[in-house]
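# Coordinates in review
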Amino acid sequence: MTAVAVACAASAALVLLLVVVRWQPLLACDTALANGLHRAAVDAPGWTRASRLLTDWLWDPWTVRAGLAVVVGWLVRRGEWLLGVWVAATSLVGTAVQQGLKAVVDRARPVWPDPVASAHYAAFPSGHALSLTVAGGLALWLLHRHGAARVYRAAAAVAVGVSMLGVGFTRVHLGVHWASDVVGGWLLGGAVAAGSVAAHAAYERRRGAAGRGEAAGT
């Protein structure tokens, strides 16, 4: 997981750099995708309403955080309070990264003469994409850690993948994000989730080594 975290962080840093320096090929791609999807949103209000329903409710960051809060409560009830705290802390770190970068980068969102949706704060990174990636990564890790059947883990992986792609599409379709905001959110969320899993594994290895040392000493 350490390698995944490093790869995601490095890729996110590259996207961030290209956004900050306003690399023209990236901006041109962002603009082309935004223009095309916005025209589609204006021309097909039914699909636009569906996008708003999904992004404002099912994939909203507060919905995702509420789901993680339920998971934390379940872990605490099982006596796994440290793991519950770890999950909660990871979610908070993701939110801090999101809001910190929004404030520092201060990227403007797309502006339309005929908007179909609105959003608050700066554009980069997409908070929806980042929050969902963090939560999805943690959910898959917890399912694996607790020995869930392979079919359930596969179904969860598909659900997470579809949700990540879906939230990315809806944010650009509704004209509230550039595509690179979404990619940055995915990569940063992956870095936070994978980094958390790697750090927890390292912590357990150290704790296990300390326990074996104490046993040998006795």
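I will try to describe carefully the structure that is included in this document. (Residues numbered from 1 in each chain as written. Predicted model: local features only at pLDDT ≥ 70, side-chain atom pairs only at ≥ 80, totals over all residues. Heavy atoms only, no water.)

Okay, the packing of aromatic side chains next. Applying the stated criterion across every chain yields a total of 1 aromatic pair. Measuring from ring centre to ring centre gives 6.0 Å for tryptophan 86 and tyrosine 203, while their planes differ by 35°; the resulting arrangement is tilted. Pair noted here: tryptophan 86 is in helix H5 (residues 81-105) and tyrosine 203 is in helix H8 (residues 179-217), with a separation of 117 residues, a long-range link. Accessibility expressed as a relative area gives 22% for tryptophan 86, which makes it partly exposed. (Phe/Tyr/Trp six-rings, centres within 6.5 Å; stacked < 30°, edge-to-face > 60°. Helix = DSSP H or I, 4+ residues; strand = E, 2+ residues; numbered from the N terminus. Buried < 20%, exposed > 50% of the residue type's maximum accessible area, 1.4 Å probe, protein only.)

What follows deals with the environment of valine 134. Considering the arrangement of structural elements, one finds valine 134 in helix H6 (residues 127-145). Its relative accessible area of 3% is what places valine 134 among the buried residues. With 55 residues separating them in the primary sequence, valine 134 and glycine 189 have C-alpha atoms 4.8 Å apart. Not counting chain neighbours up to four residues away, the residues in contact with valine 134 comprise Thr90, Gly189, Val192 and Ala193. (Contact = heavy atoms within 4.5 Å.)

Moving on: empty space enclosed by the protein. Considering all chains together, one arrives at 1 cavity of 30 Å³ or more under this definition. Taken as a whole, the largest cavity spans an internal volume of roughly 60 Å³. As for the largest cavity, its lining consists of Val64, Arg65, Leu68, Ser91, Gly94, Thr95, Leu130, Ser131 and Val134. Put simply, the parts of the chain that give the lining of the largest cavity at least two residues each are helix H4 (61-77), H5 and H6. In terms of residue class, the lining of the largest cavity is built from 4 nonpolar, 4 polar and 1 charged. (1 Å grid on protein atoms, 1.4 Å probe; cavity = no way out; pocket = protein on both sides within 12 Å on 5 of 7 lines; lining within 4 Å. Points joined across faces, edges and corners; volume = space filled by probe spheres on them. Nonpolar A, V, L, I, M, F, W, Y, C, P; charged D, E, K, R; others polar.)

Attention now goes to a nonpolar patch on the surface. Where nonpolar side chains cluster on the molecular surface, the patch consists of Leu14, Leu17, Val20, Val21 and Trp23 and spans about 490 Å² of accessible area. By the element assignment, valine 21 lies in the loop between helix H1 (2-20) and helix H2 (24-43). With relative accessibility at 49%, the residue valine 21 sits in the partly exposed group. (Patch = residues over 30% accessible without salt bridge, like charges linked within 9 Å, V, L, I, M, F, W, Y side chains within 5 Å. Areas by Shrake-Rupley, 256 points an atom, 1.4 Å probe, with all protein chains shown as cover. Salt bridge = Lys/Arg side-chain N within 4 Å of Asp/Glu carboxyl O.)

Let us look at the pattern of salt bridges. Under the definition given, this model contains 5 salt bridges. Of the charged contacts in the structure, one is a salt bridge between arginine 52 and aspartate 56, with a shortest N-O distance of 3.7 Å. A residue pair is termed a helical-turn pair when its members lie 3 or 4 positions apart in one helix, as arginine 52 and aspartate 56 do in helix H3 (residues 45-58) at 4 residues. Given a relative accessible area of 37%, arginine 52 falls into the partly exposed group. Arginine 78 is the partner of glutamate 80 in a salt bridge, and the nearest nitrogen-oxygen pair spans 2.7 Å.

Residues Val87, Leu138, Trp141 and Leu142 are the most contacted members of the largest nonpolar core, which totals 26 residues. Put simply, the parts of the chain that give this core at least two residues each are H1, H4, H5, H6 and H8. It is H6 that provides the largest number of residues to this core, a total of 7 residues. Listed in part, the 5 residues of the second largest apolar core include Ala41, Ala117, Leu174 and Val176. (Core = buried A, V, L, I, M, F, W, Y, C linked by side-chain atoms within 4.5 Å.)

Put simply, H3 and helix H7 (residues 150-173) touch, their axes get as near as 9 Å, and they point 125° apart. Taken together, the axes of H3 and H7 are oblique relative to one another. Of the two elements, H3 crosses H7, and the hand of that crossing is left-handed. Residues Trp47, Thr48, Ser51 and Thr55 of H3 touch H7, and the partners they reach there are Val167, Phe169, Thr170, Arg171 and His173. Residue classes in the contact of H3 with H7 are distributed as 3 nonpolar, 5 polar and 1 charged. (Axes fitted to C-alpha atoms, helices over the stretch in contact; angles between N-to-C directions. Parallel < 35°, antiparallel > 145°, perpendicular 65-115°, else oblique. Left-handed = near helix turned anticlockwise from the far one by under 90°.)

Another aspect to go through is the layout of surface pockets. Taken as a whole, the largest pocket spans an internal volume of roughly 430 Å³. Together, 18 residues line the largest pocket, and Asp60, Pro61, His120, Tyr121 and His128 are the ones closest to its centre. Those elements that place two or more of their residues in the lining of the largest pocket are H4, H5 and H6. Classifying every residue of the lining of the largest pocket by side-chain character gives 4 nonpolar, 8 polar and 6 charged. Volume-wise, the second largest pocket comes out at about 230 Å³. As for the second largest pocket, its lining consists of Leu58, Trp59, Thr63, Val64, Leu132, Ala135, Gly136, Ala139, Ala156, Ala159, Val160 and Ser163. Those elements that provide at least two residues to the lining of the second largest pocket are H4, H6 and H7.

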